[in-house]
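Here are the chains, one letter per residue:
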Amino acid sequence: MNKHLPAPRRARGAQGFSLFEVIVAMFIMLVGLLGVIAVFGAGTNARLLAQELVVSQELANMWADWMRFRLNESKATGGGLGVLHLADLATGKKGEFNADTGDYNLAAGNIVNLPTYQSNVYSGYAWEITNAKDYTPVWAEEADPTKTHPWDQRRDGSAVIPTTMGNGPLALKQVQLTISRGARMYRFNYLFSGVGLKYDKLNP
């Protein structure tokens with residue numbers, strides 16, 4: 001027997017994984033799982049925000065239509081059931097959709113309540129007028145578009161509709177309406193003219 005032959009080497013695979021290699025592998029797997037969870041959470045939150053935006057847009061449009069039907073400047077000295085005026089569109093006015101509480105509310109179950117009254121699908125949504133200001137459209141001269149005039153005045157400054165023929169165009173109100181659910185807010189802008197349904201016909 002040749003005494004100079006080296007001893008046979010043990011196969012490396014029989015040694016298994018070291019503790020360090022196991023920890024590194026677990027760390028990589030944990031980072032991957034956390035990434036998947038984060039993506040799933042972000043997707044869920046995005047769907048929630050998209051749904052709230054759609055619902056808020058629907059509520060804002062319903063509120064604006066409801067308000068337009070109640071506005072009637074021709075009854076500024078009084079009015080029938082549920083009549084409102086442009087002056088009622090003021091910054092800080094607020095309310096809640098499902099319970100129909102807050103400003104402009106008359107009584108529970110009233111015929112002029114918001115159409116969302118007692119609709120649980122809109123529970124938790126609230127509205128507030130966060131900005132309201134008068135708005136006067138202008139028209140530009142054809143010969144020189146840089147020269148503008150209020151829409152109720154002629155070029156010389158006289159009234160478009162003489163007082164002998166009746167009142168001129170009604171005033172306009174520009175309103176920023178904020179729909180909120182919890183701490184999340186969605187803002188929409190509307191323009192009101194003060195011409196609406198005469199609600200006194202509902203209460204002869």
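The residue numbering used here restarts from 1 in each chain and proceeds along that chain's sequence as written. The predicted nature of this model means local features are confined to residues of pLDDT at least 70 and side-chain atom pairs, given and counted, to a pLDDT of 80 or more, with totals for whole chains, interfaces and linings taken over all residues. For the side-chain quantities, the full set of heavy atoms in the structure was used; hydrogens and water were omitted.

Student: What is the right way to read unusual backbone geometry from this model?
Tutor: What is expected of a backbone is that most residues other than glycine have negative phi and most peptide bonds are trans. Unusually for a residue other than glycine, D100 sits at a positive phi of about 50 degrees. Think of it this way: any DSSP run of H or I at least four residues long counts as a helix, any run of E at least two long counts as a strand, and we number them from the N terminus. Mapped onto the secondary structure, D100 falls in the loop between β1 (94-96) and β2 (101-102). The phi torsion at Q118 lies on the positive side, around 60 degrees, for a residue other than glycine. Tracing the backbone through its elements, the reader meets Q118 in the loop between β2 and β3 (125-135).

Student: What exactly am I supposed to notice about the pattern of salt bridges here?
Tutor: Pairing between side chains of opposite charge can happen when the charged atoms of each approach one another. The rule for a salt bridge is simple: a side-chain nitrogen of Lys or Arg has to be within 4 Å of a carboxyl oxygen of Asp or Glu. Summed over all chains, the structure comprises 5 salt bridges. Ionic pairing is found between E52 and R181, a salt bridge with its closest N-O pair at 3.7 Å. Of the two residues, E52 is situated in helix α1 (residues 19-70) and R181 in strand β6 (residues 172-181); the sequence distance between them amounts to 129 residues. Partly exposed describes any residue whose relative accessible area lies between the buried limit of under 20% and the exposed limit of over 50%, with all areas from a 1.4 Å probe on protein chains only and scaled to the type maximum. Given a relative accessible area of 1%, E52 falls into the buried group. Given the relative accessible area of 31%, R181 is considered partly exposed. Residues joined by salt bridges that share partners form a network here, namely E52, R181 and R184.

Student: Whenever I open this one, the packing of aromatic side chains confuses me. Can you help?
Tutor: Aromatic ring pairs are reported here in terms of the distance separating the ring centres and the angle at which the planes meet. Stacked, tilted and edge-to-face are the three classes assigned to paired rings of Phe, Tyr and Trp, where Trp is represented by its six-membered ring and a pair needs centres within 6.5 Å; plane angles under 30 degrees give stacked, over 60 edge-to-face, the rest tilted. Scanning all chains against the criterion turns up 4 aromatic pairs. Ring geometry for W63 and W127: centres 5.4 Å apart, planes at 45 degrees, overall tilted. With W63 in helix α1 and W127 in strand β3, this pair connects stretches of sequence that are 64 residues apart. For W127, a relative accessible area of 3% gives the class buried. When the centroid spacing of 5.6 Å and the interplanar angle of 5 degrees are considered together, the rings of Y104 and W127 count as stacked. Linking Y104 in the loop between β2 and β3 with W127 in strand β3, this pair joins segments that are 23 residues apart in sequence. Classification of Y104 as buried rests on a relative accessible area of 10%.

Student: Can you walk me through the pairing of strand β7 (residues 184-192) in this structure?
Tutor: Two faces, one strand: in a regular strand the side chains alternate between the faces of the sheet. Note that β6 and β7 share 9 bridges and pair antiparallel. Pairing of Q176 across the sheet is with N189, part of β7. Turn length for the β6-β7 hairpin, with the two strands adjacent in sequence and antiparallel, is 2 residues, and the turn residue G182 shows positive phi of about 70 degrees. For two strands to count as paired, DSSP must find a minimum of two bridges between them.

Student: How should the sheet that holds β6 be read in this particular structure?
Tutor: Through backbone hydrogen bonds, the strands of a sheet pair up, either in parallel or in antiparallel fashion. The antiparallel open sheet is built from 5 strands, whose spatial order is β2-β1-β3-β6-β7. Bordering the open sheet on either side are β2 and β7, each of which pairs with just one other strand.

Student: Just to check I follow, could you spell out a nonpolar patch on the surface for this structure?
Tutor: Among the surface-exposed residues, F20, V24, F27, I28 and V31 lie close enough to one another that they form a single nonpolar patch of about 530 Å² accessible area. Along the polypeptide, V24 turns up in helix α1. On the basis of relative accessibility, which here comes to 33%, the residue V24 falls in the partly exposed class. Each patch is built from residues lacking any salt bridge and having more than 30% relative accessible area; the joining distance is 9 Å for like charges and 5 Å for nonpolar side chains (Val, Leu, Ile, Met, Phe, Trp, Tyr). Under the convention used here, a 1.4 Å probe and the Shrake-Rupley method define accessible areas, while residue burial counts only the protein chains that appear.

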